Protein chains: 2
Amino acid sequence: MKTINIQFDERSYPIYIGEGLISDYELIGQHLPHKKIAIITNDLVADIYLAPLINSLSPHKDVISIILPDGEKYKNTDSLNSIYSQLLKNKADRNTTLIALGGGVIGDITGFAAATYMRGINFIQMPTTLLSQVDSSVGGKTGINHPQGKNMIGAFYQPQCVITDVNVLKTLPSRELSAGLAEVIKYGLIRDIKFFEWLETNIQSLIEMNPEHLSEAILRSCQNKADVVEADEFESGIRAILNLGHTFGHAIEVAQGYGNWLHGEAVGVGMIMAAKLSQAMGWLSEADIERIISLIKHAGLPTVPPNISVDKYIELMMLDKKTKDGKINLVLQKSMGEAVLSDSYDPSKLRQILEQSAH
Amino acid sequence: MKTINIQFDERSYPIYIGEGLISDYELIGQHLPHKKIAIITNDLVADIYLAPLINSLSPHKDVISIILPDGEKYKNTDSLNSIYSQLLKNKADRNTTLIALGGGVIGDITGFAAATYMRGINFIQMPTTLLSQVDSSVGGKTGINHPQGKNMIGAFYQPQCVITDVNVLKTLPSRELSAGLAEVIKYGLIRDIKFFEWLETNIQSLIEMNPEHLSEAILRSCQNKADVVEADEFESGIRAILNLGHTFGHAIEVAQGYGNWLHGEAVGVGMIMAAKLSQAMGWLSEADIERIISLIKHAGLPTVPPNISVDKYIELMMLDKKTKDGKINLVLQKSMGEAVLSDSYDPSKLRQILEQSAH
């Protein structure tokens, strides 16, 4: 098992990464000072992993489970109110700990329920997708969607610990594993060329779900994210580099209809587009571009964007929160392993890259 | 104008107390670094104070207002969602500041909206009742009710500043002014005998709404609350003394039906009952009891509890969060100006005092 400690100004918490951790009461129990536990999960995850988790906890604790329907569309106030009601019905008090057993949706909504139930109770993250293992474990973002926008309601709230069991990835569809790898590759590109090189060597082994290599990839991704977030807990500055590929990617997700392109797939293609614009700035070479495309391809991800008109791209990219005075701020690569937020690119070069994409 | 600074570990904010402050843009503007402002208020307060506030802000800022129906029963998820929707419809972003213009309900729900909109935006408290001026300005408690319990959903979240305009009390019903005075008297009883003596001298002037004396009473109440809360921001220990009279008081409120006895009225009678039990402990004298009853009476508050059976009292008091292993923990008075949380009282003495009350 590997452990890293995430340090924020007042508090710190560990991320544990290893095999079979969701059944490891000796580990989990250390972060459960009180008797009452409520597991929050979705129906798909519950079918496979709820029983083993309950079995490991129930000899020691009073455990209830709250099962939501699976899917982003249930990350809403109705699900949140259902959590509150079931907690109250079961007399959950301030000493109750919530456990989020699931992917990003379950992690976000459970974290927000923990942040707001009786003005804040403890919670533990048990992420069950690669994306949530590398992305949602660090940063303290919790929340739900509003009909008028994603993640509009939420809070910054840190878990007691994150229990990342790489064995659960065995039941993850390969397409979702690849989507998670897009975010892993991102950390190499934005600030860790050594990690990028390590990924080039080990990408096949990751696709084949070698648990040692998966643990290493998750650890280094979390560590990189932690380094960025610790320097910028409330998102005022450099945290923006975590959005490499995301402005392009969000436009693709929206244009194609949410869910048709997975988030990681859209980000993967978006990183290629950002790399091409970085090349136009003179910051990356043709060889760099080829390396990036090759790694993304070997991760099982698409490398060619869907057919979207340039005007549609621009319209959707303008909606990004980083847009200022009508100019789209983009995360670009200053070099391999170094990202920068920039609005100093040539807009005609951006259009040219988008046009190539609109094949 | 008087100012006190409330200090928490990372942040501090000022409470300003004086006359005519809601129209004082020079003061308010210091805490509005950005252009967008959303005032949240209720229909009753809006009729009188919304126009002056908008008039002082609108030459400098983009101001929208969100008006909720008046009343505790609207402190719920529907009102909260209505706030979110109106903020989104008006394109409120992370640089928007919310202003809570109203009593405790408006302050609590606005603070919670600020804590959770886009993971946290700035807000300013402008309390318009004496109770909220002394009680909600300090401590960072925000939240809403759930059908299964009051204040079950919420967060600890501090405002940028509190603007307490004593002139708004001129339109407050005298019964509500008296109810606010119960909480003021509480601060004297729990930790500030000098303040208690000052209240004995000036109670008539407070009832007549002398602005100088009101400002002084609010300042000293806030300072006392701040001293307690700063030592115990997350409610683990001594903050409990702020609940003097409240365990009795809540039982009265519930037994009589919420709203029939005002919170402050029930707390006033509850403080007398707590004093009598403290006398049974040998901690207060008969003369002390008479002083307490006299001050509460002169504040325009009832001094005789409603007719409730002893068993009903005990049943309702057992619901208190401070109850442990079937024993009701009560805040009692060790002496005049000194409170203590205790479960070492004689239960038969408690029943005796409740019986006297069940006249």
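In the block above lies the structure referred to throughout.
Quick notes on the rules
Residues numbered from 1 in each chain as written. Chains lettered and ligands numbered in written order. Predicted model: local features only at pLDDT ≥ 70, side-chain atom pairs only at ≥ 80, totals over all residues. Heavy atoms only, no water. Contact = heavy atoms within 4.5 Å. Buried area = accessible area lost by both parts, 1.4 Å probe. Salt bridge = Lys/Arg side-chain N within 4 Å of Asp/Glu carboxyl O. Polar contact = N/O pair within 3.5 Å; in protein donor to acceptor, adjacent residues only side chain to side chain. 1 Å grid on protein atoms, 1.4 Å probe; cavity = no way out; pocket = protein on both sides within 12 Å on 5 of 7 lines; lining within 4 Å. Points joined across faces, edges and corners; volume = space filled by probe spheres on them. Helix = DSSP H or I, 4+ residues; strand = E, 2+ residues; numbered from the N terminus. Nonpolar A, V, L, I, M, F, W, Y, C, P; charged D, E, K, R; others polar. Domains from an automatic or database assignment. Phe/Tyr/Trp six-rings, centres within 6.5 Å; stacked < 30°, edge-to-face > 60°. Buried < 20%, exposed > 50% of the residue type's maximum accessible area, 1.4 Å probe, protein only. Lys NZ or Arg CZ within 6 Å of the ring centre and 35° of its normal. Axes fitted to C-alpha atoms, helices over the stretch in contact; angles between N-to-C directions. Parallel < 35°, antiparallel > 145°, perpendicular 65-115°, else oblique. Pairing = 2+ DSSP bridges. Expected span 1.5 Å × (residues − 1).

Colleague: What am I meant to see in the interface of chain A and chain B here?
Modeller: Counting residues at the interface gives 27 residues for chain A, matched by 27 residues for chain B. Taken together, the two surfaces of chain A and chain B that pack against each other cover about 2,400 Å², and 54% of this comes from carbon and sulfur. Of all residues in chain A, the largest losses of buried area upon contact with chain B belong to L88(A), R119(A) and M152(A), amounting jointly to 28% of the total for that side. Here chain A is connected to chain B by 0 salt bridges. For the pair chain A and chain B, the interface holds 6 residue pairs in polar contact (both at pLDDT 80 or more).

Colleague: How should I be thinking about empty space enclosed by the protein in this particular structure?
Modeller: Empty space left among the atoms is revealed by rolling a probe the size of a water molecule over them. For the structure shown, the criterion picks out 4 cavities of 30 Å³ or more. Empty space within the largest cavity amounts to approximately 100 Å³. Lining the largest cavity are 14 residues, with T77(A), L80(A), Y84(A), T77(B) and L80(B) sitting closest to its centre. Within the residue set of the lining of the largest cavity, elements represented by two or more residues are α3 (77–89) of chain A together with α3 (77–89) of chain B. Among the residues forming the lining of the largest cavity, the class breakdown is 10 nonpolar, 4 polar and no charged. Of the pockets and cavities examined, the second largest cavity occupies roughly 40 Å³. V166(B), N167(B), L169(B), K170(B), M209(B), P211(B) and L214(B) together form the lining of the second largest cavity. Looking at side-chain class alone, the lining of the second largest cavity contains 5 nonpolar, 1 polar and 1 charged residues. Shared between two domains, the lining of the second largest cavity takes at least three residues from each, and those domains are domain 1 (2–171) and domain 2 (174–357) of chain B.

Colleague: Would you take a moment to explain the layout of surface pockets for this structure?
Modeller: All names here are of chain A. Roughly 160 Å³ of internal volume is contained in the second largest pocket. For the lining of the second largest pocket, the secondary-structure elements that each account for two or more residues are α10 (263–280) and α13 (347–357). Broken down by element, the lining of the second largest pocket gets its largest block of residues, 4 residues, from α10.

Colleague: Would you mind showing me how to read the packing of aromatic side chains here?
Modeller: The geometry of an aromatic ring pair comes down to the distance between the two centres and the angle between the two planes. Inspection of the entire model under this criterion finds 4 aromatic pairs over all chains. Between F195(A) and W198(A), the aromatic rings sit 6.0 Å apart at their centres with planes inclined by 25°, giving stacked as the arrangement. Placement of both F195(A) and W198(A) in helix α7 (residues 193–207) is noted, with a separation of 3 residues, approximately one turn of the helix. Residue F195(A) shares its accessibility class with W198(A), and that shared class is buried. One Lys or Arg, R119(A), reaches over the ring of F156(B) and ends 6.0 Å from the middle of that ring.

Colleague: Help me understand the packing of helix α10 (residues 263–280) of chain B against helix α11 (residues 286–298) of chain B in this model?
Modeller: Each pair of packed helices can be summarised by the angle the axes make with each other and by the distance between the axes. All names here are of chain B. Packing of α10 against α11 leaves a shortest axis separation of 10 Å and a crossing angle of 180°. In terms of axis orientation, α10 runs roughly antiparallel to α11. Contacts from G268, M271, I272, A275, K276 and Q279 in α10 reach E286, I289, I292, I293 and I296 in α11. In terms of residue class, the contact of α10 with α11 is built from 7 nonpolar, 2 polar and 2 charged.

Colleague: What am I meant to see in the sheet that holds strand β2 (residues 12–18) of chain B here?
Modeller: Paired through backbone hydrogen bonds, the strands of a sheet run either parallel or antiparallel to each other. Residues and elements named next belong to chain B. The strand order across the open sheet formed by 7 strands is β1-β2-β9-β6-β5-β3-β4, and the pairing between neighbours is mixed. Across the chains shown, the open sheet's two edge strands, defined by having one partner strand only, are β1 (2–7) and β4 (62–68). Strand after strand, the sheet turns through a mean of 20° between neighbouring axes, direction not considered. In this sheet, strand β9 (residues 161–165) lies alongside β2 in parallel orientation, the contact comprising 4 bridges. Across the sheet, residue G18 finds its bridge partner in β9, namely D165. Packing of helix α4 (residues 104–116) onto the sheet brings it into contact with β3 (36–42), β4, β5 (97–102) and β6 (122–127), and relative to β5 it is tilted by some 170°. Helix α8 (residues 211–230) rests against β1, β2 and β9 of the sheet, and its axis sits at about 10° to β1.

Colleague: It is not clear to me how the pattern of salt bridges should be interpreted in this structure. Could you clarify?
Modeller: Where charged atoms from two side chains of opposite charge approach closely, those side chains can pair. Residues and elements named next belong to chain B. The final tally for this structure, using the stated rule, is 22 salt bridges over all chains. R351 is the partner of D311 in a salt bridge, and the nearest nitrogen-oxygen pair spans 3.0 Å. Of this pair, D311 sits in helix α12 (residues 310–317) while R351 is found in helix α13 (residues 347–357), placing the two residues 40 residues apart along the sequence. With a relative accessible area of 52%, D311 lands in the exposed category. With a closest N to O distance of 3.9 Å, K312 and E315 form a salt bridge. Within this pair, K312 and its partner E315 are both found in helix α12, separated by 3 residues, close to a single helical turn. Taking the relative accessible area as the measure of exposure, E315 reaches 46% and is therefore partly exposed.

Colleague: Mind showing me how you'd approach α3(A) here?
Modeller: An α-helical segment advances 3.6 residues per turn. Residues three or four places apart therefore align on the same side. Residues and elements named next belong to chain A. Taking 1.5 Å of rise per residue, the 13 residues of α3 would be expected to cover 18 Å, and the 18 Å separating its terminal C-alpha atoms lies within 8% of that figure. Among the residues of α3, those classed as buried are S79, L80, I83, Y84, L87 and L88. Where α3 begins, the side chain of N76 points an oxygen toward the backbone nitrogen of D78, at a separation of 3.2 Å. Just beyond α3, the residue with positive phi is K91, at close to 60°.

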